[in-house]
Amino acid sequence: MSPSPRFSILIPTRNRPEFLRTTLQSCLSQSFSDFEIIVSDNSVSHPARELIEQFSDPRIRYFHQESELEMFGNWEFTYSQARGDFQILIGDDDAIVPNCLEVIQGIIAESGCDFVACDYARYVYPAGVSGRGLKGNSYWYPTRESTDVFALSKLEILATCFESSGLTKAASTKTKLIPHPLASFISKELLDVTRRHQGRIMAFPQGDAGILVAVGLAKNIRYVPRPLVILGMQPQAASNNMLAGKREAYRKYMNRMELTPLSGCTFANTVLETHLGIANVFRTNPETLGFPVELQASIVIRHFREILSDERWSARQLLELARDLVRVTFSNRISLSRKGEIISGFVRLLLRTLFDRVRGRKSSYAVDKIEYQDCPDNVTDILSFATELKRLQA
């Protein structure tokens, strides 16, 4: 391996060696071999060390954190250790298809781009995810009319993302694609520029959304409409903290949030804080965004819906909900028409929730709205699914 490999695959991990094994196997099965793997073990013990030693591959660089870091702090650490010309961050329960790096290298060589994003698939591990109603050994990936690589406008990406985050009006864009942070290959040069502007790669509090700063600073973005990365879905996933009744994991961030006008502990509120922070990064260069940043009713209603979706409402939750409703009602930063949308939307939401509960129906906040398919008989785990995906794309 050269001192400066072409790719760095960054894998932060914590107490999940059983998943990490197949993730590493998928990386080491690549048809393109000029890469390094950075594994940052954020556990008190060393569960990953023995596993790394079993692989005995010099391309794997293992680091153990002596003091436990916050999740996104561990992610940030992997970036600080990477030497590759292009870098991708993946989860320790994810995988990449066997020809992933080969395909990405060809696109970089042909286009000279500094940012490549691709489609991703989702694979549900055999145990399933009961909290989301996901059956084990199932999958999903988008179907496209064409698999031709195309250029993406960074302005359209940012507009689409801020629209989905409830911070701008409906954007008139040709594409609704948003590069997934765990399916994006970003040049080291662009990441260095991002770090200078943002102070780090990860944003606060939703760390991986920080790549939107890289999007705004990129010179040439390409998109591959093929699933080359697989996101693993399993009960231990951190993303399960956004499910109803489990969002207290975000409570530790609440006292550190400074930009959002809301106070309740919800995933929507962390989305709001994160994107307001990203907007501030571009404040001195407003043309980078190209659209006004203004709080929309949709994100506030989403925030209220998450609170009301909990099976049991605590006094603290209801107090936060009432406080937030008063705040947006009397805020001088929100237009009168927007306030009307928020109040009427909240009343409808509350009445619908109460009606559901009287009838004994749970009011759930839907996380997954996509339909998963059962895997074929030859697929038994995420590694065999990666091989099957390559075959289907041949």
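Above this text sits the structure in question.
Residues numbered from 1 in each chain as written. Predicted model: local features only at pLDDT ≥ 70, side-chain atom pairs only at ≥ 80, totals over all residues. Heavy atoms only, no water.

Draft legend 1. Inspection of the overall build of the chain at higher detail. Counting its regular elements, the chain contains 13 helices and eleven strands. Rg of the C-alpha trace for the chain: 21 Å, near the compact-globule value of 21 Å for 394 residues, within the 12% margin. Burial analysis of the chain (394 residues in total) assigns 57% to the buried set. When contacts within the chain are restricted to residue pairs at least 6 apart in sequence, long-range pairs at least 24 apart make up 76% of them. With an accessible surface of roughly 18100 Å², the chain has 51% of that area assigned to carbon and sulfur atoms. Across the chain, the centroid of the 47 positively charged side chains sits 7 Å from that of the 44 negatively charged ones. (Helix = DSSP H or I, 4+ residues; strand = E, 2+ residues; numbered from the N terminus. Rg over C-alpha atoms; globule rule 2.2 N^0.38 Å. Buried < 20%, exposed > 50% of the residue type's maximum accessible area, 1.4 Å probe, protein only. Contact = heavy atoms within 4.5 Å. Areas by Shrake-Rupley, 256 points an atom, 1.4 Å probe, with all protein chains shown as cover. Lys, Arg positive; Asp, Glu negative; His and termini not counted. Charge placed at Lys NZ, Arg CZ, Asp CG, Glu CD.)

Draft legend 2. Molecular detail of the pairing of strand S2 (residues 35–41). Among the seven residues of S2, seven are classified as buried, and the element is accordingly described as predominantly covered. Strand direction decides the pairing type here: strand S1 (residues 7–13) and S2, joined by seven bridges, are parallel. Bridge assignment links Ile 11 to a residue of S2, and that residue is Val 39. Assessed by its sense of winding, the connection that carries the chain from S1 through helix H1 (residues 17–28) to S2 is right-handed. Summarising the sheet, S2 and strand S3 (residues 60–64) pair through five bridges and their orientation is parallel. Along S3, the bridge assignment pairs Ile 37 with Ile 60. (Pairing = 2+ DSSP bridges. Right-handed = clockwise from strand over helix to strand, strands pointing away.)

Draft legend 3. Here's a closer look at the packing of helix H9 (residues 267–281) against helix H10 (residues 297–308). It is at 7 Å that the axes of H9 and H10 come closest, and there the two elements cross at 150°. Here H9 is positioned roughly antiparallel relative to H10, judged by the angle of their axes. Residues Phe 267, Ala 268, Asn 269, Val 271 and Leu 272 of H9 lie in contact with H10, whose contacting residues are Ile 299, Arg 302, His 303 and Glu 306. Taken together, the residues of the contact of H9 with H10 sort by class into five nonpolar, two polar and two charged. (Axes fitted to C-alpha atoms, helices over the stretch in contact; angles between N-to-C directions. Parallel < 35°, antiparallel > 145°, perpendicular 65-115°, else oblique. Nonpolar A, V, L, I, M, F, W, Y, C, P; charged D, E, K, R; others polar.)

Draft legend 4. Representation of the pattern of salt bridges. For the structure shown, the criterion picks out 16 salt bridges. Notably, a salt bridge pairs Arg 61 with Glu 36, separated by 3.1 Å at the nearest N-O pair. Residue Arg 61 is found in strand S3, and its partner Glu 36 is found in strand S2; the two are separated by 25 residues along the sequence. In terms of burial, Arg 61 and Glu 36 fall into one category: buried. Note that Lys 188 is salt-bridged to Asp 192, the shortest N-O span being 3.5 Å. Within this pair, Lys 188 and its partner Asp 192 are both found in helix H6 (residues 188–198), separated by four residues, close to a single helical turn. For Lys 188, a relative accessible area of 30% translates into the label partly exposed. (Salt bridge = Lys/Arg side-chain N within 4 Å of Asp/Glu carboxyl O.)

Draft legend 5. Local environment of the pairing of strand S10 (residues 221–233). In terms of burial, S10 is a largely internal element, twelve of the 13 residues being buried. The sheet contact formed by strand S5 (residues 95–96) and S10 spans two bridges and is antiparallel. Residue pairing in the sheet places Ile 96 in a bridge with Val 229 of S10. Relative to S10, strand S6 (residues 115–124) runs parallel, the two sharing ten bridges.

Draft legend 6. Region of interest: the nonpolar core. If you look at the biggest cluster of nonpolar residues, it comprises 115 residues, and the most contacted ones within it are Ile 9, Phe 115 and Ile 230. Among the elements that line this core, the one with the most residues is H9, at eight residues. For Ile 9, the residues in contact, after removing those within four places along its chain, are Cys 27, Phe 35, Glu 36, Ile 37, Ile 38, Ile 88, Ile 90, Ile 96 and Leu 101. Counting five residues, the second largest nonpolar core, distinct from the first, contains Val 124, Val 129, Met 233 and Tyr 372. (Core = buried A, V, L, I, M, F, W, Y, C linked by side-chain atoms within 4.5 Å.)

Draft legend 7. Expanded view of the packing of H10 against helix H11 (residues 315–330). The interhelical angle for the contact between H10 and H11, taken along N-to-C directions, is 165°, at an axis separation of 10 Å. Classified by the angle between their axes, H10 and H11 sit roughly antiparallel to one another. At the point where H10 passes H11, the crossing takes the left-handed sense. Together, Val 300, His 303, Phe 304, Ile 307 and Leu 308 of H10 and Gln 317, Leu 321, Asp 324, Leu 325 and Val 328 of H11 make up the contact between the two elements. (Left-handed = near helix turned anticlockwise from the far one by under 90°.)

Draft legend 8. Spotlight on the side chain of Ser 309. With respect to the element layout, Ser 309 can be found in the loop between H10 and H11. Within polar-contact distance, the side chain of Ser 309 engages the backbone oxygen of Glu 306 at 2.7 Å. (Polar contact = N/O pair within 3.5 Å; in protein donor to acceptor, adjacent residues only side chain to side chain.)

Draft legend 9. Up close: the environment of Asn 220. Mapping Asn 220 onto the fold places it in the loop between helix H7 (211–217) and S10. As a C-alpha pair, Asn 220 and Ala 279 span 59 residues in sequence and 21 Å in three-dimensional space. For Asn 220, the residues in contact, after removing those within four places along its chain, are Ser 111, Gly 112, Cys 113, Asp 114 and Phe 115.

Draft legend 10. Here's a closer look at H10. Over its twelve residues, H10 runs 16 Å from end to end, which matches the ideal 16 Å to within 8%, given 1.5 Å per residue. Within H10, ten of the twelve residues are buried, which leaves the element mostly enclosed by the surrounding structure. Buried within H10 are the following residues: Ala 297, Ile 299, Val 300, Ile 301, Arg 302, His 303, Phe 304, Glu 306, Ile 307 and Leu 308. Looking at the buried side of H10, the elements it contacts are helix H5 (154–164), H9, H11 and helix H12 (336–358). (Expected span 1.5 Å × (residues − 1).)

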